Amino acid sequence: MQSSSAISQPVRVRFAPSPTGYLHVGGLRTALYNYLFAKHHNGKFILRIEDTDQSRKVEGAVESLISALEWAGVHYDEGPGKDGGFGPYVQSERLKTYHRYAAQLVEHGNAYYCFCTQQRLEDLRERQNAQKISPAYDRRCRDIPKEEAARRKDSGESCVVRMKVPISGDLTFEDRIRGKVTIAHKVLDDQVLIKSDGFPTYHLAVVVDDHLMQISHVIRGEEWLSSTPKHIMLYRYFGWNVPQLAHLPLLLNPDKSKLSKRQGDVAVEDYRSKGYLKEALINFVAFLGWNPGDEREIFTMDELIKEFSLERVGKAGAVFNVEKLNWLNFQHLRRKTDSEVLTMVKEELTRWALDNSKFTDDYLLMVIGAMRERVSFAKDFVEKSPYFFKPPEEYDSDVVKKRWKPETPEYLKKLSDEFSQLNEPREDEYEAVLHRTAEALKVKQGELIHPLRLAVSGMGTGPGLYDILFIIGKDETMRRIRTAVEKLTGR
RNA sequence: GGCCCUAUCGUCUAAGGGUUAGGACGCCGCCCUCUCAAGGCGGUAAUACGGGUUCGAAUCCCGUUAGGGCUACCA
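Model, not experiment: these values are computed from the prediction.

*Asks:* Is there a simple way to think about the overall build of chain A in this case?
*Replies:* When helices and strands are counted, chain A shows 20 helices and eleven strands. For chain A, whose C-alpha radius of gyration is 32 Å, the value lies well above the compact-globule estimate of 23 Å for 491 residues. Based on the C-alpha atoms only, the size of chain A along its principal axes is roughly 110 × 50 × 35 Å. Per-residue burial over chain A gives 49% buried out of 491 residues.

Next up, the structure:
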């Protein structure tokens, strides 16, 4: 159906969400694939709002959709607020257009007015279910003479527009991901195109808009695969070229059901607020159903644009697995420059209501250097090593049990005395002193290192002890030793 | 129920007739080491099942099973 000239047609793709709430991670992936495909081919990525269902409209949903996309770096070239000559990009603002094309369909005998009440339709469906036959419209209004239908419509009788589906035969189309798909006409319903409230259904609006907006490739979720034949039929009725089609596999819960709330977070905003990097989320979501064909795993947006192709998109649904997302977050976080991390750590300190101004950039940079290899999230700098920002308030009881012995206070006091002799010591000077002290005490270094770590940090894990001491400084070290000895002696 | 789609380690996936079925996450072990990480090395674990086609099948065909989607005046 596509002539060879269609190949040189500029690439124009769209993401067309309904404004019914937040942006779902599945939606993010669909948007991302469209975006990557567009950018890879120097094409345009268009955002279109499909708000044809008045009852599901949610206030503020468009704004939250756009802000999530922008945050993720999936920027649209055309869409609400960015007219590229094909607007408006909100379907509720295009009602007249849909009516015009629906009228054309009726005119040509490819659609008809249907006056059946919703009550009759319900009864019909009930009867069909009882008889165990597939529920479908019985086409009662299909053969009402045009003049009569027009008269009834003009007299104000409530009606919808339905498309005429051929009774027999079948329809085959080519999907870029799934290959040939065939469906028999007889299992297709005479789909409603214009609802009685005057709004179009998805099926009419999507075809009209994709054509008018010169969409070259329709890349969308698999849930649309079974209604695609109806869309193709409409393209044919209108005499339009069908865009290339690509139906993406779905994103799944761990139990393989369709990804949903209840089983974890599904909103992009949830991941954003949990501290995930957009780079990680994008990288992760891109790999749910696509891979570059080699063993590289860490990709930036630009690299994804460079490598992306529909040919390498898989067919099977993919489980959204947070473990791997966490690992990717770690990978992307460690690729950030120190100054980028610095900005993030400052934000975290503010969030934790810790006095930001108390710490110089140089100080924070030292903390970052010490913790970089140990954190997956920016918030970990504060959560995993709070001792860089305030003295320990308590001491890990397991570590106390294991490392704090009756003679420990005496050792630490001795160490503290030795430290007091030092003048702005560096890491290796602390180390040398500890080494000497251990020898003098005739104990192994571990007898000092572990309790000292506990005393200054309250915990048993973290960066090298001497790094910690250097960062918090001599005075603070001695202060913390004193406090620990007081609190942990004679428990 | 009907129609459509899908099926490789627990998870994401590579291998599009010939491989010891590869990589990554996770998990386990070892090395490194003051702890925890990071890093290095190693291990665990898969072609849903049954038939064909073929010298040869994860790969092609058919069936079964399982999962998913659709079946609205929702998208």
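*Asks:* Sorry if this is basic, but what is going on with the sheet that holds strand β7 (residues 192-194) here?
*Replies:* In sheet architecture, strand pairing relies on hydrogen bonds along the backbone and comes in two forms, parallel and antiparallel. Taken together, the three strands give an open sheet; going across it, the order is β3-β4-β7, and neighbouring strands pair in antiparallel fashion. In this open sheet, the two edge strands, each paired with only one partner strand, are β3 (111-114) and β7. Neighbour to neighbour, the strand axes of the sheet diverge by 40 degrees on average, direction disregarded. Pairing between strand β4 (residues 160-163) and β7: two bridges, direction antiparallel. Looking at β7, one finds that Val 161 is bridged to Ile 194.

*Asks:* What am I meant to see in the pairing of strand β9 (residues 244-248) here?
*Replies:* In the case of a regular strand, side chains alternate between the two sheet surfaces. The buried fraction of β9 amounts to four of the five residues, a majority that puts the element mostly inside the structure. By the bridge criterion, five bridges tie strand β8 (residues 217-221) to β9 in an arrangement that is parallel. Bridge pairing links Gly 221 to Leu 248 in β9. The parallel pair β8 and β9, bridged by helix α7 (residues 228-238), forms a crossover whose chirality is right-handed.

*Asks:* So what exactly am I meant to see when it comes to the pattern of salt bridges here?
*Replies:* Overall, the coordinates contain 33 salt bridges when judged by the stated rule. One salt bridge connects Arg 142 with Asp 190, and the closest N-O pair in it is separated by 3.1 Å. Taken together, the positions of Arg 142 in the loop between α4 (118-130) and α5 (146-154) and Asp 190 in the loop between β6 (179-184) and β7 put the pair 48 residues apart, joining distant regions of the chain. A single burial state applies to Arg 142 and to Asp 190, both of which are buried. A salt bridge links Arg 272 to Glu 269, with the nearest nitrogen and oxygen atoms 3.8 Å apart.

*Asks:* Which parts of the structure should I look at to understand the packing of helix α3 (residues 95-107) against helix α6 (residues 202-212)?
*Replies:* The description of two packed helices rests on the angle between their axes and on the distance between the axes. As a packed pair, α3 and α6 sit with axes 10 Å apart at the nearest point and diverge in direction by 100 degrees. Overall, the two elements α3 and α6 adopt an arrangement that is roughly perpendicular. Along the contact surface, α3 presents Thr 97, Tyr 98, Tyr 101 and Ala 102, while α6 presents Leu 204, Ala 205, Val 208, Asp 209 and Leu 212. Considering only residue class, the contact of α3 with α6 consists of seven nonpolar, one polar and one charged.

*Asks:* Sorry, what's going on with the pairing of strand β5 (residues 170-175) here?
*Replies:* Side-chain alternation along β5 places Leu 171, Phe 173 and Asp 175 on a buried face and Asp 170, Thr 172 and Glu 174 on a face that remains uncovered. Sheet topology places β5 next to β6; six bridges connect them, and they run antiparallel. Looking at β6, one finds that Phe 173 is bridged to Val 181. Counting the residues between successive antiparallel strands, the hairpin from β5 to β6 contains three residues.

*Asks:* Sorry, what's going on with the packing of aromatic side chains here?
*Replies:* Aromatic rings considered in pairs are described by the distance between their centres and by the relative angle of their planes. Summed over all chains, the structure comprises 19 aromatic pairs. Geometrically, the ring pair formed by Tyr 101 and Trp 240 is edge-to-face, given 5.3 Å between the ring centres and 75 degrees between the ring planes. Of this pair, Tyr 101 sits in helix α3 while Trp 240 is found in the loop between α7 and β9, placing the two residues 139 residues apart along the sequence. Both rings, one in Phe 284 and one in Phe 320, keep their centres 4.9 Å apart while their planes meet at 90 degrees; by these two values the pair is edge-to-face. Of this pair, Phe 284 sits in helix α9 (residues 278-286) while Phe 320 is found in the loop between β11 (318-319) and α11 (322-334), placing the two residues 36 residues apart along the sequence. Exposure remark for Phe 284: the relative accessible area of 4% places this residue in the buried category. Through successive ring pairs, a cluster of aromatic residues spans Tyr 33, Phe 287, Trp 290, Phe 299 and Phe 308. When the ring centre of Phe 86 is taken as reference, the NZ or CZ atom of Arg 12 above it lies at 3.9 Å.

*Asks:* Explanation requested: a negative patch on the surface in the structure shown.
*Replies:* A surface patch of negative charge is lined by Glu 393, Glu 394, Asp 396 and Asp 398. Relative accessible area serves as the criterion here: at 32%, Asp 396 is assigned to the partly exposed category.

Parameters and conventions
- Residues numbered from 1 in each chain as written.
- Chains lettered and ligands numbered in written order.
- Predicted model: local features only at pLDDT ≥ 70, side-chain atom pairs only at ≥ 80, totals over all residues.
- Heavy atoms only, no water.
- Helix = DSSP H or I, 4+ residues; strand = E, 2+ residues; numbered from the N terminus.
- Rg over C-alpha atoms; globule rule 2.2 N^0.38 Å.
- Buried < 20%, exposed > 50% of the residue type's maximum accessible area, 1.4 Å probe, protein only.
- Pairing = 2+ DSSP bridges.
- Axes fitted to C-alpha atoms, helices over the stretch in contact; angles between N-to-C directions.
- Right-handed = clockwise from strand over helix to strand, strands pointing away.
- Salt bridge = Lys/Arg side-chain N within 4 Å of Asp/Glu carboxyl O.
- Parallel < 35°, antiparallel > 145°, perpendicular 65-115°, else oblique.
- Contact = heavy atoms within 4.5 Å.
- Nonpolar A, V, L, I, M, F, W, Y, C, P; charged D, E, K, R; others polar.
- Phe/Tyr/Trp six-rings, centres within 6.5 Å; stacked < 30°, edge-to-face > 60°.
- Lys NZ or Arg CZ within 6 Å of the ring centre and 35° of its normal.
- Patch = residues over 30% accessible without salt bridge, like charges linked within 9 Å, V, L, I, M, F, W, Y side chains within 5 Å.
- Areas by Shrake-Rupley, 256 points an atom, 1.4 Å probe, with all protein chains shown as cover.
- Lys, Arg positive; Asp, Glu negative; His and termini not counted.
- Charge placed at Lys NZ, Arg CZ, Asp CG, Glu CD.

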